[in-house]
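A look at the structure
Here are the chains, one letter per residue:
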Amino acid sequence: MTTRPTTRRRFLQSAAAASVLSTLPGLSGAVTANTGAKAKPVSGTALRWLDGKPPARFDGATLGVPWPRGTLRLPASRRLDFTLGANAPAMQSWPLAYWPDGSLKWTAHAIAGGAPAAGWNVEPGASRGGTVSVRQAAGQVVVTAGDVVWTVPAAGEHLVASAVRAGRVTLRDLKLVALRQDGPDPEGENSVARQQFTSKVTKVSVEQAGPVRAVLKLDGVHTGGGRDWLPFSVRLYFYAGSDSVRIVHSFIYDGMPERDFIRGLGVTARVPTTDATHDRHVRFSGEGAGVWGEAVRPVTGLRRDPGQAFRDAQVAGRALPPLDGMAKPVRDGLQWIPEWGDFSLAQLAPDGFTLKKRTKSGRAWIDANAGTRAKGLVYAGGASGGVVLGLKDFWQRAPVQLDVRHAAGAMAEVTAWLWSPSAPAMDMRSYRGEDGMDTHDKQIAGLNITYEDYEAGWDAATGVARTSELQLWVTGATPSHDTLSAMADQVANPARLVLSPERIHQCGVFGDWDPADTGTPARKLIEDRLALQLDQYLRETEQHRWYGFWSYGDVMHTYDPDRHMWRYDIGGYAWDNSELSTDLWLWYSYLRTGRADIFRYAEAMTRHTGEVDVYHLGRFKGFGTRHGVQHWSDSSKQPRVSNAAYRRIFYFLTADERVGDLMRELLDSDADLATVDISRKLPKKEGAPQGGFVNASFGTVWGSLIAAWLAEWERTGDVKWRDKIVNGMRSIAALKRQWFAAGAPYDHRTGKFQGPGDDASFSNLNGVFGVVEMNSELLTLVDEPAYRKAWLQYCRTYNAPKEEIVALLGRDPGGRGMGDTNSRMTAYAAYHERDRALALRAWREFFQSDWLKPEGSRTRRVGGTAVLRPVVELANTSTNGSAQWGLAAIQHMALGGATLDEAARAAGLIP
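Residues numbered from 1 in each chain as written. Predicted model: local features only at pLDDT ≥ 70, side-chain atom pairs only at ≥ 80, totals over all residues. Heavy atoms only, no water.

Topic: empty space enclosed by the protein
Spelled out, the test is: Cavities and pockets are found on a 1 Å grid laid over the protein atoms alone: a cavity is a set of points where a 1.4 Å probe fits but cannot escape, a pocket is an open set with protein on both sides within 12 Å along at least five of seven lines, and a lining residue has an atom within 4 Å of such a point. Grid points are joined across faces, edges and corners, and a volume is the space filled by probe spheres set on the points. Under the DSSP-based scheme used, a helix requires at least four consecutive residues in state H or I and a strand at least two consecutive residues in state E, with every element numbered from the N terminus. Any residue that is not Ala, Val, Leu, Ile, Met, Phe, Trp, Tyr, Cys, Pro, Asp, Glu, Lys or Arg is counted as polar, Gly included; the first ten are nonpolar and the last four charged.
Evaluated as defined, the whole model comprises nine cavities of 30 Å³ or more. Lining the largest cavity are 26 residues, with Gly60, Tyr239, Arg246, Pro494 and Arg496 sitting closest to its centre. Mapped by element, the contributors of at least two residues to the lining of the largest cavity are strand E2 (61-66), strand E15 (227-239), strand E16 (244-252), strand E27 (465-475), helix H6 (481-492) and helix H12 (645-654). Here the residues of the lining of the largest cavity sort into ten nonpolar, seven polar and nine charged.

Structure (structure tokens):
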């Protein structure tokens, strides 16, 4: 939190000091390609807008800022002071992560809302105070943010009991609602019973108390009819300079898929309405900048003209002039104009919404308008104020809906439906029956033909989760159409302040990468191919409609060029579920380019893969599901999918608390390796480990666990998690075959592997789920020479000529797939061993891929009767290949840029 000043001398104290890298034994050579051997103070901390220009509206934001090792330390008071300048908004700062020497690695900064500038600079110094305060009283928490006072009960039905603006109660009874159905939608004569649930808050935690940002976390369940289900956590974010609350809503599906169907899931609030009905208004954001707005009792379009002043006032949302100035026939006839009390905008598919209204319940709906993709914002209120409620990723998450009810009464209601009750009930059942696959042999046969690991009971959705983001404003008047349009932009595309790739790169975080650079012919060739692949996946999401409540944020695994479709219906070839580190590919691509579209693509993937593809309760808790037709349908449950490495970059860039929770959930997930058979249909090794040990691979299992431990060590400084990583490193190095053993019996209590590990083998999967990225960071943070030597030998040897492998291991174990993308391990060894010949070999291995050749970059348009809609195909598109080739290219350029042009000329790729 913002506190006493930190001097510029302290802020930049290591400008003349020796870096930690050069003072800790054995670490002088253990650097990533983006650090250099010495830590240096950064050249400045300029903040820019993600979209490149100031937004029309800014309601506050939070970001993370990295610092080079040793350059910034937390004062003894544990308080930080930063400022954006004399005339800039107030800012609140706090530690987010630490380097091993205790210096600050990341700080988080909350910036007050207000008029946005072109950009700001983070500087040491006292920020002016904010206007947010938190007071805890008996049974409630009261948050004051500017002119708005929010009352949050400590328990019970409501998330917010009331919001008072300038002395007027503008909102009441914000709560969650859910509709349950005990069967699928009726087919034929079948009938179903429905049940209503509302939120029951059981715990409220004050995570931050101002002065710029306050954060409250509310935990609870949905309750109704004597049953509690759908546990939730909701965070409420309040910023100085804003009359809104940001709502981050997370829930877990804990029902029985065969009988618990969600018919509706929403967030609702009541709006006191005291204005005359001709001064009450309803607004919806539409397509683009569009806004639909009407009064509850319209005075435009009548047979008799009330007068220009009255028509203009109502269209603008202002109170009508005194009625004694209205033409008498109209004034006397106002009572006969229908009052429209209910309004609904339903986006049941990503390409279409309908808008309708009715006078009241029990009366017919009439069509009001329709369109393609709505922004997801609704307003209900009057000239004296009301409530604006918006749902992020509105059309992308269809089926969704925005409702206004009882607008003609004393208390209107606004509801954002995360799952529309107008849509078919949410069906969480398995897409397939057993199909006679009741024996292991039959399941193996199925795996061999569809690539799906299937076993009854292992494809349940129970335990998956979803997070949604909303924003709610309480206003002192009906906002103008321009203001509502800006609010809709804020919801659909929240204003983000970010750092340049160069500023992040200066700090030596996230391992081996460098900012995008087309300065040489060979780099341009690779950069163009990287951009082509990224652009293709953005295109694929749109042209194949990878949208929907559970699916938005994921991509498909494998393409079917015969059907001109992704293999959405073929076993393990359908949804990707992070296979081969797609998430990391996107995040490193953003780090390098700063592209807004890539940030949002990666953000949506982080929101999806960390929630939907991972179990948050039940026997599979902490594990994710292998790629499949449904996100949870494959029976293989793996830590390689729940991997915290896929969330960590987003967390540190944004300080997002929900993603922080998800990483923390995984800290002890290795304890369940003994109870969940993650190998499923793979042949089992003879002689199962005893005494609490389980067989675990170094890359797909241990390499996926260490990211959560690293994140926790960074966030808290708790050396328990460092020691668990180090135990794994030392025990791998102590095995006879070290990394060549591929895996060994593992003890979750200590994080150690046991020997002898004398059987050598290779697995192309061991290096493709984040362990390469994790090792490149960890070996700069801990001094483990034996492990470093073992890893470098493995990196040098993986793609080595057969005779070298036989000389080292006594035989060639085989299994060395993906030689072109695993060439980045060769590049890593070459960089750290300063071996130019090995660096050139690494490039030759990388250039074995066809992707840099003209035919590998060819696109074609397919239209006509061959497809449902025209599509553009990229040759040899594969998500596995795209992700791993992209990560390899990024690391290669960071590590081997000095030899790139020479190698590319030798390969005939450039003149």
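On we go from here.
Structural notes on the packing of helix H8 (residues 521-543) against helix H21 (residues 879-906)
To be explicit about the condition: Orientation is described by axes fitted as lines to C-alpha atoms, over the contacting stretch for helices, and by angles from 0 to 180 degrees between their N-to-C directions. Note on terminology: angles under 35 degrees are roughly parallel, angles over 145 are roughly antiparallel, angles of 65 to 115 are roughly perpendicular, and the others are oblique. Handedness of a crossing is defined here by the sense of rotation of the near helix relative to the far one, left-handed for an anticlockwise turn of less than a right angle and right-handed for a clockwise turn. Contact criterion: two residues are considered in contact whenever any of their non-hydrogen atoms come within 4.5 Å of each other.
One way to put it is that H8 packs onto H21 with a least axis distance of 9 Å and a crossing angle of 170 degrees. Here H8 lies roughly antiparallel to H21, going by the angle between them. For the crossing formed where H8 meets H21, the hand is left-handed. Of the residues in H21, those touching H8 at Pro521, Ala522, Arg523, Ile526, Glu527, Arg529, Leu530, Gln533 and Tyr537 are Thr879, Ser882, Trp885, Gly886, Ala889, Ile890, Met893, Leu900, Asp901 and Ala904. In the contact of H8 with H21, the residues fall into eleven nonpolar, four polar and four charged.

Details of the packing of H12 against helix H14 (residues 698-716)
Where H12 meets H14, the closest approach of the two axes is 9 Å, and the angle between their N-to-C directions is 25 degrees. As far as their axial angle goes, H14 and H12 are roughly parallel. You can see that H12 and H14 cross each other, and the crossing is left-handed. Taking contact as the criterion, the partners of Ala645, Arg648, Tyr651 and Phe652 in H12 are, on H14, Ala707, Leu710, Ala711, Glu714 and Arg715.

What to know about the packing of aromatic side chains
Our working definition: Ring pairs are drawn from Phe, Tyr and Trp, using the six-membered ring of Trp, whenever the two centres fall within 6.5 Å, and their geometry is named by plane angle: stacked under 30 degrees, edge-to-face over 60, tilted for the rest. In this scheme, a residue with accessible area under 20% of its type's maximum is buried, one over 50% is exposed, and one in between is partly exposed, where area comes from a 1.4 Å probe on protein chains only. A ring is scored as having a charge over it whenever the NZ atom of a lysine or the CZ atom of an arginine sits within 6 Å of its centre and within 35 degrees of its normal.
Under the counting rule described, the total for this entry stands at 49 aromatic pairs. With 5.5 Å between their ring centres and 15 degrees between their planes, Trp106 and Phe652 make a pair best called stacked. With Trp106 in strand E5 (residues 104-111) and Phe652 in helix H12, this pair connects stretches of sequence that are 546 residues apart. Given the relative accessible area of 1%, Trp106 is considered buried. An aromatic cluster of three or more residues is present, and its members are Phe698, Trp702, Trp739, Phe740, Tyr746, Phe753, Phe762, Tyr787, Trp791, Tyr794 and Tyr798. It is Lys356 that lies over the ring of Trp365; its NZ or CZ is 5.0 Å from the centre.

Remarks on the side chain of Gln443
Tracing the chain through its elements places Gln443 in helix H5 (residues 440-450). Other than its neighbours up to four places away in sequence, Gln443 contacts Met437, Asp438, Tyr454, Glu455 and Lys681.

Brief notes about the sheet that holds E5
Cut-off, in case you're wondering: A pair of strands is considered paired only if DSSP assigns at least 2 bridges between the two.
Pairing in this open sheet of three strands is antiparallel, and the strands run E2-E5-E4 from one edge to the other. Lying at the two open borders of the sheet, with one neighbouring strand each, are E2 and strand E4 (91-98). Here the average twist between neighbouring strands, direction ignored, is 20 degrees. In the sheet, E4 pairs with E5 via seven bridges, with the strands oriented antiparallel. Following the sheet pairing, Tyr98 is matched in E5 by Leu104. Relative to the sheet, H12 contacts E2, E4 and E5, its axis offset from that of E2 by approximately 110 degrees.

Some details on the sheet that holds strand E1 (residues 46-49)
Strand order in this open sheet of three strands is E6-E1-E28, and the pairing throughout is antiparallel. Two strands close off the open sheet at either side, each with one partner strand: strand E6 (120-121) and strand E28 (497-498).

Comments concerning the pairing of strand E24 (residues 385-391)
Residues in a regular strand project their side chains so that they alternate between the two faces of the sheet. Counting buried positions over the seven residues of E24 gives seven, a clear majority of the element. Side-chain alternation along E24 places Gly385, Val387, Leu389 and Leu391 on one buried face and Gly386, Val388 and Gly390 on a second face that is also buried. Sheet topology note: the strand E23 (residues 377-382)/E24 ladder contains six bridges and is antiparallel. In the strand pairing of E24, Leu377 is matched with Gly390. Where E23 hands over to E24, the hairpin turn is made up of two residues, counted between the paired strands.

Here we look at the environment of Gly167
In this fold, Gly167 is placed in the loop between strand E11 (160-165) and strand E12 (168-181). A relative accessible area of 69% places Gly167 in the exposed class. Spatially, the C-alpha atoms of Gly167 and Ala295 are 25 Å apart, while their sequence positions differ by 128 residues.

A word on the nonpolar core
Here is the rule we go by: Here the nonpolar core consists of buried residues drawn from Ala, Val, Leu, Ile, Met, Phe, Trp, Tyr and Cys, with membership extended through side-chain atoms lying within 4.5 Å.
Judged by nonpolar contacts, the single largest core of 240 residues is most densely connected at Trp150, Leu236, Leu472, Ile526, Trp709 and Trp791. The dominant element in this core, judged by the number of residues it contributes, is H21, at twelve residues. Here Trp791 is in contact with Trp739, Val771, Val772, Asn775, Leu779, Met825 and Tyr828, once residues within four sequence places are set aside.

Structural notes on helix H9 (residues 582-593)
The criterion, for reference: Helix span, expected: 1.5 Å multiplied by one less than the number of residues in the helix.
Helix length check: H9, at twelve residues, gives a terminal C-alpha distance of 17 Å against a target of 16 Å (1.5 Å per residue), a fit within 8%. Counting buried residues along H9, eleven of its twelve residues qualify, which places the element largely inside the surrounding structure. The set of residues buried in H9 consists of Thr582, Asp583, Leu584, Trp585, Leu586, Trp587, Tyr588, Ser589, Tyr590, Leu591 and Arg592.

Some points on the pattern of salt bridges
A pair can form between side chains of opposite charge whenever their charged atoms are brought close. Rule in force here: For this analysis, a salt bridge means a side-chain nitrogen from Lys or Arg found within 4 Å of a carboxyl oxygen belonging to Asp or Glu.
In the structure shown here, the tally under the stated rule is 67 salt bridges. Of the charged contacts in the structure, one is a salt bridge between Arg235 and Asp661, with a shortest N-O distance of 2.8 Å. Of this pair, Arg235 sits in strand E15 while Asp661 is found in helix H13 (residues 657-665), placing the two residues 426 residues apart along the sequence. The class of Arg235 is buried, set by a relative accessible area of 5%. Between Arg358 and Asp342 there is a salt bridge, and its shortest N-O distance comes to 2.8 Å. Within this pair, whereas Arg358 is found in strand E21 (residues 352-358), its partner Asp342 is found in strand E20 (residues 342-349), the two being separated by 16 residues in sequence. By the burial criterion, Arg358 is buried, and Asp342 matches it.

A short note on unusual backbone geometry
Cis geometry is adopted by the peptide bond preceding Pro399, which originates at Ala398 and carries an omega value of 15 degrees. Locating Pro399 in the fold gives a position in the loop between E24 and strand E25 (400-405). The residue Ala166 is not glycine, and still its phi comes out positive at about 50 degrees. The class of Ala166 is exposed, set by a relative accessible area of 67%. Its identity is not glycine, yet Tyr451 carries a phi of approximately 65 degrees, on the positive side. Along the polypeptide, Tyr451 turns up in the loop between H5 and E27.

Observations concerning the environment of Leu781
Turning to its location among the elements, Leu781 is positioned in helix H16 (residues 771-781). On a C-alpha basis, the gap between Leu781 and Pro100 in space is 6.4 Å, while along the polypeptide they are 681 residues apart. In contact with Leu781, not counting residues within four places along its chain, are Arg69, Trp99, Pro100, Lys105, Leu710 and Trp713.

Topic: helix H15 (residues 719-734)
Three or four residues apart is the spacing at which side chains of an α-helix point the same way, because the helix has 3.6 residues per turn. Formally: Here a polar contact is recorded for every N or O atom pair within 3.5 Å, except that within protein the pair must consist of a potential hydrogen donor and a potential acceptor, and residues adjacent in sequence are included only if both atoms are side-chain atoms.
Relative to the 22 Å expected for 16 residues at 1.5 Å per residue, H15 spans 22 Å between its end C-alpha atoms, a close match to the ideal helical length. Residues of H15 that are buried in the fold lie against H14, strand E34 (743-747), strand E35 (752-753), H16 and helix H17 (785-798). Of the residues flanking the start of H15, the one acting as N-cap is Asp718, its side-chain oxygen 3.0 Å from the backbone nitrogen of Lys720.

Considering the confidence of the model for the chain
For residues with low pLDDT, the predicted coordinates do not support detailed interpretation. Quick note on the threshold: Here pLDDT means the predictor's own confidence in every residue, given as a number from 0 to 100.
When the pLDDT values of the chain are averaged, the result is 93; 95% of them are 70 or greater. This model gives residues 1-30 a pLDDT under 50, and the stretch forms 75 contacts once residues within four places in sequence are excluded.

Some details on the layout of surface pockets
Taken as a whole, the largest pocket spans an internal volume of roughly 1300 Å³. Lining of the largest pocket is provided by 44 residues; of these, Gln638, Ile678, Ser679, Leu682 and Pro683 occupy positions nearest its centre. The set of elements that each furnish at least two residues to the lining of the largest pocket consists of strand E33 (693-697), H14 and E34. Among the elements that make up the lining of the largest pocket, the one with the highest residue count is E33 (five residues). When grouped by side-chain class, the residues that make up the lining of the largest pocket number 21 nonpolar, 14 polar and nine charged. By volume, the second largest pocket amounts to about 720 Å³. Around the second largest pocket, the lining is made up of 31 residues, and of these Arg235, Glu657, Asp661, Arg664 and Arg715 lie nearest the centre. Looking at the lining of the second largest pocket, the elements that each hand over two or more residues are E4, strand E13 (194-209), strand E14 (213-224), E15, E16, H13 and H14.

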